[in-house]
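Now for the letters of each chain:
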Amino acid sequence: MVDGWEAAVEAQIRSAQQRGEFDNLPGAGRPIPGRGLPYDESWWIKSFLEREALPSDLLLPTPLQLRRKAERVPDEVRDLPTEESVRAFVAVLNAEIIAWLRNPSGPRVVVRPVDADAVVRRWREERQRAAAERAAAAVPDDVPPAARARGRRWLTWRRR
């Protein structure tokens, strides 16, 4: 019985080859990815994350995800426009952390709420430093003040 089944399958494959259904398939002529590598049990998860361009943080347990989010807070709030938006961002993260602390699951990892005042203080310092760097870059030091004034007068006269 097995021989009859195999013969029927082989006949279907041959007829599909004759019709050209296997021509121009994607990946034709290229080596099979991962061939020759040792077997990995989670190969399909890794290939899915790579194919869909998803971050590998999604595989982490909840407490580790929350710790990573807490570590990335300074980078995340750097471009926020106001102190209120920074505090709102930290409040949302702290709400997630507190919800996990109330009903923990996964490995026992220490996760503490983020100090909003410390984040705002650091956010202000970085904004002041960036503003000072922009101001220093905007005014060239090698041009004397008299030459700057003459250039301005010339521009105002030319506009009239």
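Here is a short report on the structure shown in this document. None of these values were measured; they are calculated from a predicted model. (Residues numbered from 1 in each chain as written. Predicted model: local features only at pLDDT ≥ 70, side-chain atom pairs only at ≥ 80, totals over all residues. Heavy atoms only, no water.)

1. Observations regarding the overall build of the protein chain
Summing up its helical and strand segments, the protein chain has seven helices and zero strands in all. Along the chain direction, N to C, the helices and strands of the protein chain fall in the order α-α-α-α-α-α-α. When the 160 residues of the protein chain are sorted by exposure, 14% land in the buried category. Long-range pairs, those at least 24 residues apart, make up 53% of the contacts in the protein chain between residues at least 6 apart in sequence. Carbon together with sulfur atoms contributes 55% to the accessible area of the protein chain, which is approximately 13,600 Å² in total. (Helix = DSSP H or I, 4+ residues; strand = E, 2+ residues; numbered from the N terminus. Buried < 20%, exposed > 50% of the residue type's maximum accessible area, 1.4 Å probe, protein only. Contact = heavy atoms within 4.5 Å. Areas by Shrake-Rupley, 256 points an atom, 1.4 Å probe, with all protein chains shown as cover.)

2. Let's talk about the packing of helix α3 (residues 62–71) against helix α5 (residues 83–102)
Their axes nearest at 11 Å, the elements α3 and α5 cross at an angle of 155°. The pairing of α3 with α5 is recorded here as roughly antiparallel in orientation. Of the two possible hands of crossing, α3 and α5 adopt the one that is left-handed. Contacts between α3 and α5 involve T62, P63, L66, K69 and A70 from the former and L93, E96, I97 and W100 from the latter. (Axes fitted to C-alpha atoms, helices over the stretch in contact; angles between N-to-C directions. Parallel < 35°, antiparallel > 145°, perpendicular 65-115°, else oblique. Left-handed = near helix turned anticlockwise from the far one by under 90°.)

3. Things to note about the layout of surface pockets
There is about 270 Å³ of room inside the largest pocket. Taken together, P33, G34, R35, L37, P38, Y39, D40, W43, K46, S47, E50 and R51 form the lining of the largest pocket. Class assignment of the residues belonging to the lining of the largest pocket gives a composition of five nonpolar, two polar and five charged. (1 Å grid on protein atoms, 1.4 Å probe; cavity = no way out; pocket = protein on both sides within 12 Å on 5 of 7 lines; lining within 4 Å. Points joined across faces, edges and corners; volume = space filled by probe spheres on them. Nonpolar A, V, L, I, M, F, W, Y, C, P; charged D, E, K, R; others polar.)

4. Quick look at the pattern of salt bridges
With the rule as written, the count across this model stands at 12 salt bridges. The closest approach of N and O atoms between D75 and R78, which form a salt bridge, is 3.0 Å. In this structure, a network of salt bridges that share partners links the residues D75, R78, R122 and E126. (Salt bridge = Lys/Arg side-chain N within 4 Å of Asp/Glu carboxyl O.)

5. A closer look at the environment of D40
Within the secondary structure layout, D40 lies in the loop between α1 (2–19) and α2 (43–52). Separated by 2.7 Å, the side chains of D40 and K46 make a polar contact. (Polar contact = N/O pair within 3.5 Å; in protein donor to acceptor, adjacent residues only side chain to side chain.)

6. Some details on a nonpolar patch on the surface
On the surface, W5, V9, I13, F22 and L25 cluster together to form a nonpolar patch covering roughly 490 Å² of accessible area. Its relative accessible area of 31% is what places V9 among the partly exposed residues. (Patch = residues over 30% accessible without salt bridge, like charges linked within 9 Å, V, L, I, M, F, W, Y side chains within 5 Å.)

7. Here's the deal with the side chain of D57
Assignment of secondary structure puts D57 in the loop between α2 and α3. Given the relative accessible area of 16%, D57 is considered buried. At a separation of 2.4 Å, a polar atom in the side chain of D57 contacts the side chain of R68. The contacts of D57, once residues within four sequence positions are left out, are Q65, R68 and R72.

8. What to know about the packing of α5 against helix α6 (residues 116–138)
Running from amino to carboxyl end, α5 crosses α6 at an angle of 140°, the nearest separation of the two axes being 10 Å. By the angle class used here, α5 and α6 are oblique. Where α5 crosses over α6, the handedness of that crossing is right-handed. Between α5 and α6, the contacting residues are E83, V86, R87 and V90 on the first element and A116, D117, V119, V120, W123 and R124 on the second.

9. Describing α6
The end-to-end C-alpha distance of α6, which contains 23 residues, comes to 33 Å, matching closely the 33 Å that a straight helix rising 1.5 Å per residue would cover. Inspection of α6 places A116, V119, V120, W123 and E126 among the buried residues, and these make up the whole buried set. Summarising the contacts, the buried residues of α6 are in contact with α4 (73–77) and α5. Two or three places before D117, at the opening of α6, D115 has a side-chain oxygen 3.4 Å from that residue's backbone nitrogen. (Expected span 1.5 Å × (residues − 1).)

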